[in-house]
Amino acid sequence: MERLEVIFVWVAFLAYASAFVFFLYYLLNKRELLNRIGLAAAVVGFALQTAAIALRDSRLHHAPVVGAYESLLTISWAMMVVYLLLEWRTHIKALGLYVLPLVLVFLGIAWANYEATSAVMPALESDIVVIHVIVIFTAIAAFIVAGGSAAIYLIEARKLKHRKAGGVLGRLPSLESLDRLTGHAIMFGLPFLSMGIVAGIIRAQKFRVESWYTDALVLLAIGAWLVYAAFVYLRYARGWHGRRPAWLAIAGLVFLFVIRFVAVPYLSNFHTWGS
Amino acid sequence: MHLVCVGVSHKTATLELREQLALDDEQAARFGRSLLDEASINEAVALSTCNRTELYLYADDTLAAEQVALQQLAEYAAVDPAELRVATYSFSGDAAIGHLFRVAASLDSMVIGEDQILGQLKNSYQLACGSGCTSTVFNKLFRHALEVGKRVRSQTSIGARPVSVSSAAVELARQVLGKLERHTVLVLGAGETSELTVRHLVSAGIGRILVASRTFETAAELAASCGGQAMPFEQLDELLVEADIVISSTGASDYVVDRKQMQAAMRRRKGRAAFLIDIAVPRDLDPQINRLDNVFLYDIDGLREVVEQNRAERQREAAHAERIVDHELGRMNEWLAGLEVVPTIAQLRSTVDGIRESELERLGGRLEDLTPEQRNQVEALTTGIVNKILHLPTVRMKEIAAERDAYVYVDVLRHLFGLNGAAGEGESCELSDLKDDRHGDE
């Protein structure tokens, strides 16, 4: 079973990588067939990754959120869910170019931290922890997509301002649709982030975790929440469009990356799994 | 038998001459037929667009055919033959096929990558085919050329980027605003380029058109012609709030919209993106406006810059298209060389064998006295003679099959033995539809 899981993850990785290459090639010469092949490869990779997660789940009998390997595997899976949903609904093609490399990096880091089994500290065996992690992963996936479309927006807007439109025309989505996509993805992600933070606080209270409110990770998470809340307010109540909200979406994403790759391994006193 | 192409195009002839030589559908068909009356010409297709008039001929003697065709064309169009000769180019054999493929691929067009030539070529071929001016070789050749054109369209992005100022402006608007159905364009002042741009916007599905001009009558006139609304110029500040696209080409000597005005408008627009096109010289819109967030201002130089980039892109794609043309030229030659030989040999055999059998049948009564053994001998003798006669031509034809000019021999053989061209594709002139999904640039 374990071997099958490993094989699935590997093949999924290869499928994503080839999808990325096809998308890149599509960007260069705009043949619709390449885009379709890339999309098909991404779907195949996603199916395999799903199967790998299900296999692991049935083998170890816990939600796949324990340790670096599982959490990154699941985050990248959630990113693929969000990406495929958006691709299906909006047909914004450039998104794959941005999401897939990130998925590949996440999968790569996950792979470097591979563990055949992972055990959960007894303290963490509770439903609220599972909910906490799953909703936060969903939020992260949505924010990554938002950050990506914001980054594409900024690059494209810059090119259009400087009359370097030749490389952009007809290849990237319109500024309007990127702007909209960033907004939608953040609107989608924010409730999940809120739920995740609330679930975390409830758990900390319930298990009497000492001074959780001074923990670096918690503070950073609240910082990220404030950035995204500000985005939603400015965007939908004050009618902000354009570069400023795009920069906010990227700032929020920076928070999230600091949390995942700095705070979780080095700064936080809890959020450690097992040993 | 050889392929030859003679004609004039924008590269060799003045517009005036091209106009004189232009043939409409009926004229092209009639002209093709009249060429076939010449003994030396077997197949003919006339291709006439506003940028070229070309005659494709399949003839015994290319030089003679060329002479005759030009002579007739000069007479037909009532131009001086000497003047025509100077502007004429001609290709034969491989070069003629290559030229036709390049024309189909829009590589020879005035605007490389334009999409009209394919339809025009299809039309010309169908006309010629319908009036019986094409046969085996041209049916294959022109169908193949249309395939080449389609392949170049679908496998390169040669026609993807607009290369005229007005269509580039529309593409840029689309890149900023997305679908144009729910957007409003404001036209300030009237001018040729702005009218052309508005027309492009209309065909791109723009939602609403507002027109304002210093003199209300001018505005009303333009508004009426493009289905827009004339607005008083004094309401400019309000109009800027409503408009997502502004096309300005007034004759004003000072800025019509300055940065402060636009900034105020953007605040009231709640930051919704605006795309401004300044076609006027001197400029109507303060260049500082481009610094505002979510406002994209292009003046005429900016648009030309984009057009230049797109043109360069088409040039790069043209290199790719040339490779496709080369490859297809090779395939066409293979067909001309090889595919014809085998069925022609088979046809030759069955024709000659048919003659033998019908002759024996004719003698039927007189052969009845013979014993079965003698009859078998007669049978064997005649078959032997047929085989002996056909042996050398068959061997020679098979040798030639690999050569480039094999189709010439095939044609001679067909001519000498009266074989009809059954090896070609269906005789129907119907072609699968060419996709007309690209927008024109002209």
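Residue positions are given per chain, counting from 1 as you read along its sequence in written order. In the order they appear in the text, chains get letters beginning with A and ligands get numbers beginning with 1. Owing to the predicted nature of the model, reporting of local features is limited to residues with pLDDT of at least 70; listing and counting of side-chain atom pairs is limited to 80 or more, with chain, interface and lining totals taken over all residues.

## Section: the overall build of chain B
Phase 1: Comment: elements are numbered from the N terminus, with helices defined as DSSP H or I runs of at least four residues and strands as E runs of at least two. A count of helices and strands for chain B gives 17 helices and 10 strands.
Phase 2: In terms of overall size, chain B is more extended than a compact globule, its C-alpha atoms giving a radius of gyration of 32 Å where 442 residues would be expected to give roughly 22 Å.
Phase 3: Overall, the C-alpha framework of chain B stretches about 115 × 45 × 35 Å when taken along its three principal axes.
Phase 4: For chain B, with 442 residues in total, the buried portion stands at 42%.
Phase 5: Partitioning the contacts of chain B with sequence separation of at least 6, the portion at a separation of at least 24 is 74%. Note on method: radius of gyration uses C-alpha positions; expected globular size equals 2.2 Å times residues raised to 0.38. Burial is judged by counting other C-beta atoms within 10 Å of a residue's own C-beta: 20 or more means buried, 12 or fewer means exposed, and anything between counts as partly exposed, with every C-beta placed from the backbone. Here the contact rule is simple: place C-beta atoms from the backbone, and any two residues whose C-beta atoms are within 7 Å are in contact.

## Brief notes about the environment of Ala78(A)
All names here are of chain A.
Phase 1: Locating Ala-78 in the fold gives a position in helix α3 (residues 67–90).
Phase 2: By C-beta crowding, Ala-78 is classed as buried, having 20 other C-beta atoms within 10 Å.
Phase 3: For Ala-78, the contacting residues outside a window of four places in its chain are Phe-137, Thr-138 and Ala-141.

## What about the domain arrangement of chain B?
Phase 1: In terms of domains, chain B is made up of domain 1 (2–160), domain 2 (165–307) and domain 3 (340–417).
Phase 2: For every domain, the bounds stem from an assignment made automatically or drawn from a database. A C-alpha centroid distance of 43 Å is found between domain 1 of chain B and domain 2 of chain B.

## Side note on the interface of chain B and chain A
Interfaces are often described in size by the accessible area the parts lose on coming together.
Phase 1: The partner chain A presents 21 residues to the 26 residues of chain B that form the contact.
Phase 2: Of all the secondary structure elements, the ones that give two or more residues to the side of chain B that touches chain A are α8 (165–177), β10 (295–299) and α13 (300–339) of chain B.
Phase 3: Polar here means any residue outside two lists: the nonpolar Ala, Val, Leu, Ile, Met, Phe, Trp, Tyr, Cys and Pro, and the charged Asp, Glu, Lys and Arg; Gly therefore counts as polar. Classifying every residue of the side of chain B that touches chain A by side-chain character gives eight nonpolar, 10 polar and eight charged.

## Digging into the packing of helix α6 (residues 175–206) of chain A against helix α7 (residues 216–237) of chain A
All names here are of chain A.
Phase 1: Packing of α6 against α7 leaves a shortest axis separation of 10 Å and a crossing angle of 140°. When the axes of α6 and α7 are compared, the pair comes out oblique. Every pair of crossing elements has a handedness; the one defined by α6 and α7 is left-handed. Across from Gly-183, Ile-186, Met-187, Leu-190, Leu-193, Ser-194 and Ile-197 in α6, the residues of α7 making contact are Ala-221, Trp-225, Tyr-228, Ala-229, Phe-231, Val-232 and Arg-235.
Phase 2: Taken together, the residues of the contact of α6 with α7 break down into 11 nonpolar, two polar and one charged. All axes here are fitted lines through C-alpha atoms, helices being fitted over the stretch that makes contact, and every angle between N-to-C directions spans 0 to 180 degrees. The scheme is simple: roughly parallel for angles under 35 degrees, roughly antiparallel for over 145, roughly perpendicular for 65 to 115, oblique for anything else. It is the rotation of the near helix from the far one that decides the hand of a crossing: anticlockwise by less than a right angle makes it left-handed, clockwise makes it right-handed.

## Looking at the domain arrangement of chain A
Residues and elements named next belong to chain A.
Phase 1: Considered domain by domain, chain A is made up of domain 1 (1–119) and domain 2 (120–275).
Phase 2: Of all the elements, α3 adds the most residues to the side of domain 1 that touches domain 2, at 10 residues.
Phase 3: Within the side of domain 1 that touches domain 2, the residues separate by chemical class into 18 nonpolar, five polar and one charged.

## Topic: the nonpolar core
Phase 1: Ranked by size, the top nonpolar core spans 135 residues in total, and within it Met79(A), Ala141(A), Val145(A), Val185(B), Val211(B), Phe275(B) and Leu276(B) carry the most contacts.
Phase 2: Among the elements that make up this core, the one with the highest residue count is helix α5 (residues 127–161) of chain A (18 residues).
Phase 3: Beyond its immediate chain neighbours, meaning those up to four positions away, Val185(B) contacts Val198(B), Leu201(B), Ile206(B), Ile209(B), Ala243(B), Ile245(B) and Ile247(B).
Phase 4: By convention the nonpolar core is taken to be a set of buried residues drawn from Ala, Val, Leu, Ile, Met, Phe, Trp, Tyr and Cys and joined through C-beta atoms within 7 Å. In this structure, Leu21(B), Ala105(B), Cys133(B) and Ala321(B) belong to the second largest nonpolar core, which totals 62 residues.

## Describing the sheet that holds strand β5 (residues 184–188) of chain B
Residue and element names in this part refer to chain B.
Phase 1: Pairing between strands is defined by DSSP: at least two bridges between the two strands are required. Strands sit in the order β7-β6-β5-β8-β9-β10 across an open sheet of six strands; the sheet is parallel. Whereas interior strands pair on both sides, the edge strands pair on one side only; in this sheet they are β7 (229–232) and β10. Here the average twist between neighbouring strands, direction ignored, is 20°.
Phase 2: Running at roughly 160° to strand β6 (residues 208–213), helix α10 (residues 216–226) makes contact with β5, β6 and β7 of the sheet.

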